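Listed below are the residues making up each chain.
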Amino acid sequence: MAHVVVTGASSGIGEALVREWVAAGARVTMVARRQALLDALKAELGDAVRVVVADLGDPAQATSWIDGAVAELGPIDVLVNNAGVQIVAATTDVDVAAMRSLMEVDLLTPLALIGAVLPSMLARNAGAIVNVSSLAGLAPTPGMTHYSAAKAGIAAASECLRGELRRTGVHVVTVYPGPVDTPMARAAYAIVPPTFAVRMLPEGTPAQLAKRVRAAVERRRARVIYPRAYAVARHTPAVTRMMMDAFTPVPASAAAREGKGS
Ligand SMILES: NC(=O)c1ccc[n+]([C@@H]2O[C@H](COP(=O)([O-])OP(=O)(O)OC[C@H]3O[C@@H](n4cnc5c(N)ncnc54)[C@H](OP(=O)(O)O)[C@@H]3O)[C@@H](O)[C@H]2O)c1
């Protein structure tokens, strides 16, 4: 029975990934901060899942839970770096602490987790690492300066690692979700002005994305871009760049809002 680790398992895409892998017969270590949500999932899914409460924005907690997870459920077969935070704001409004915390959760902890699990996978010549980037990693998004930087960073690392490991039994999948209906996406829509272009964006579901991610691991596919309409972003980066600059609504800065009010 495969041991799958899903970070950010308490909500949205991570929760859907847990359900998808449990339905397929895996045992899943679920990692996040909100224990009540993880406990509720455990109450529903039973012995197939194990709860780990950890703040992946704290370097001291990023990897410290791995030994316990391996002791209980065996060597990790699939690591899914899914936990993420997003900041949608004018760049001048983002404080340094929030920016650093985003970089820990979205970029540095995933790299630390890869470093922690990879030796054992290579020793077994088997395993998979899934890194959840974003369309913002392919198409940097105005109003999301730090998120785009982190997601481009994890995407680059993930694609590099896939090449490095291509002659081994360890497979790497990079996931580029466009808008998917989760609390994170709903929070972003509450901030950006609902322009016509925003309302027209195709949106996917966490359950459908989770199916595609598991299939990509099973079939050793390099990447998942979902919804499929966004795959064009990978093949036409210059045109995508122009479209993003032209049509992405940008949140007004606090200074601009104050200026308007005076
Ligand atoms: N939804 C979209 O449209 C979309 C698009 C592109 C990419 N993505 C990416 O998909 C992934 C999942 O996002 P989602 O949409 O499912 O968002 P979500 O519903 O907000 O879930 C985010 C998950 O990350 C966990 N997390 C956040 N900070 C954490 C921390 N410091 N320590 C441990 N866990 C932490 C949260 O758990 P706790 O709060 O309980 O800790 C939660 O389980 C993210 O990497 C996101 O960037 C989403």
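What comes next concerns the included structure.

Analysis parameters
- Residues numbered from 1 in each chain as written.
- Predicted model: local features only at pLDDT ≥ 70, side-chain atom pairs only at ≥ 80, totals over all residues.
- Heavy atoms only, no water.
- Axes fitted to C-alpha atoms, helices over the stretch in contact; angles between N-to-C directions.
- Helix = DSSP H or I, 4+ residues; strand = E, 2+ residues; numbered from the N terminus.
- Parallel < 35°, antiparallel > 145°, perpendicular 65-115°, else oblique.
- Left-handed = near helix turned anticlockwise from the far one by under 90°.
- Contact = heavy atoms within 4.5 Å.
- Nonpolar A, V, L, I, M, F, W, Y, C, P; charged D, E, K, R; others polar.
- Pairing = 2+ DSSP bridges.
- Near = heavy atom within 4 Å.
- Polar contact = N/O pair within 3.5 Å; in protein donor to acceptor, adjacent residues only side chain to side chain.
- Areas by Shrake-Rupley, 256 points an atom, 1.4 Å probe, with all protein chains shown as cover.
- Expected span 1.5 Å × (residues − 1).
- Core = buried A, V, L, I, M, F, W, Y, C linked by side-chain atoms within 4.5 Å.
- Buried < 20%, exposed > 50% of the residue type's maximum accessible area, 1.4 Å probe, protein only.
- Salt bridge = Lys/Arg side-chain N within 4 Å of Asp/Glu carboxyl O.

**Structural notes on the packing of helix H1 (residues 12-23) against helix H2 (residues 35-45)**
Part 1: At a closest axis distance of 12 Å, the pairing of H1 and H2 adopts a crossing angle of 20°. Between H1 and H2, the interaxial angle falls into the category roughly parallel. The element H1 and its partner H2 pack so that their crossing is right-handed. The residues of H2 that touch H1, namely those facing Glu 15, Val 18, Arg 19 and Val 22, are Leu 41, Glu 44 and Leu 45.
Part 2: When its residues are assigned to classes, the contact of H1 with H2 shows 4 nonpolar, no polar and 3 charged.

**Some points on the sheet that holds strand E1 (residues 3-7)**
Part 1: Read across the open sheet, the 7 strands follow the order E3-E2-E1-E4-E5-E6-E7; overall the sheet is parallel. Only two strands of the sheet have a single neighbouring strand rather than two, namely strand E3 (49-53) and strand E7 (223-226). Within the sheet, the average angular offset between the axes of one strand and its neighbour, ignoring direction, is 15°.
Part 2: Pairing geometry for strand E6 (residues 170-177) and E7, over 4 bridges, is parallel.

**Quick look at the site of the ligand**
Part 1: The full set close to the ligand counts 31 residues, and Ser 11, Arg 33, Asn 82, Tyr 147 and Thr 182 are the nearest of them.
Part 2: A distance of 3.0 Å is found between an oxygen atom of the ligand and a backbone nitrogen or oxygen belonging to Gly 8.
Part 3: Gly 178 has a polar backbone atom sitting 3.4 Å from an oxygen atom of the ligand.
Part 4: Out of a free accessible area of 880 Å², the ligand has 94% covered by protein chains.
Part 5: Taken together, the elements giving at least two residues each to the shell around the ligand come down to H1, helix H7 (145-164) and helix H8 (183-191).
Part 6: Take the shell around the ligand: its biggest share by element is 3 residues, from H8.

**Things to note about helix H10 (residues 206-218)**
Because each turn of an α-helix spans 3.6 residues, side chains separated by three or four positions in sequence point in the same direction.
Part 1: Helix length check: H10, at 13 residues, gives a terminal C-alpha distance of 18 Å against a target of 18 Å (1.5 Å per residue), a fit within 8%.
Part 2: Buried residues belonging to H10 abut H1, strand E4 (78-81), strand E5 (127-132), E6 and E7.
Part 3: Among the residues trailing H10, Arg 220 stands out with phi positive, at a value near 55°.

**Digging into the nonpolar core**
Part 1: With 31 residues, the main nonpolar core has Trp 21, Val 28 and Val 80 as its most contacted residues.
Part 2: Top element by residues in this core is H1. It accounts for 6 residues.
Part 3: Discounting residues that sit within four places of it in the chain, Trp 21 has contacts with Val 4, Ala 26, Val 28, Val 78, Val 80, Val 213, Arg 214 and Val 217.
Part 4: Core analysis: the next-biggest nonpolar cluster, separate from the first, contains 22 residues, Val 52, Val 105, Met 121 and Leu 161 among them.

**A few points about the pattern of salt bridges**
Part 1: Throughout the structure, instances matching the rule amount to 11 salt bridges.
Part 2: Two residues, Glu 15 and Arg 19, come together in a salt bridge whose shortest N-O distance is 2.9 Å. Remark: Arg 19 and Glu 15 occur in helix H1; sequence separation between them is 4 residues, near one turn of the helix.
Part 3: Judged by its relative accessible area of 25%, Glu 15 falls in the partly exposed class.
Part 4: By relative accessible area, which is 31% here, Arg 19 ends up partly exposed.

Bear in mind that shape data such as this cannot, by itself, settle questions of function.
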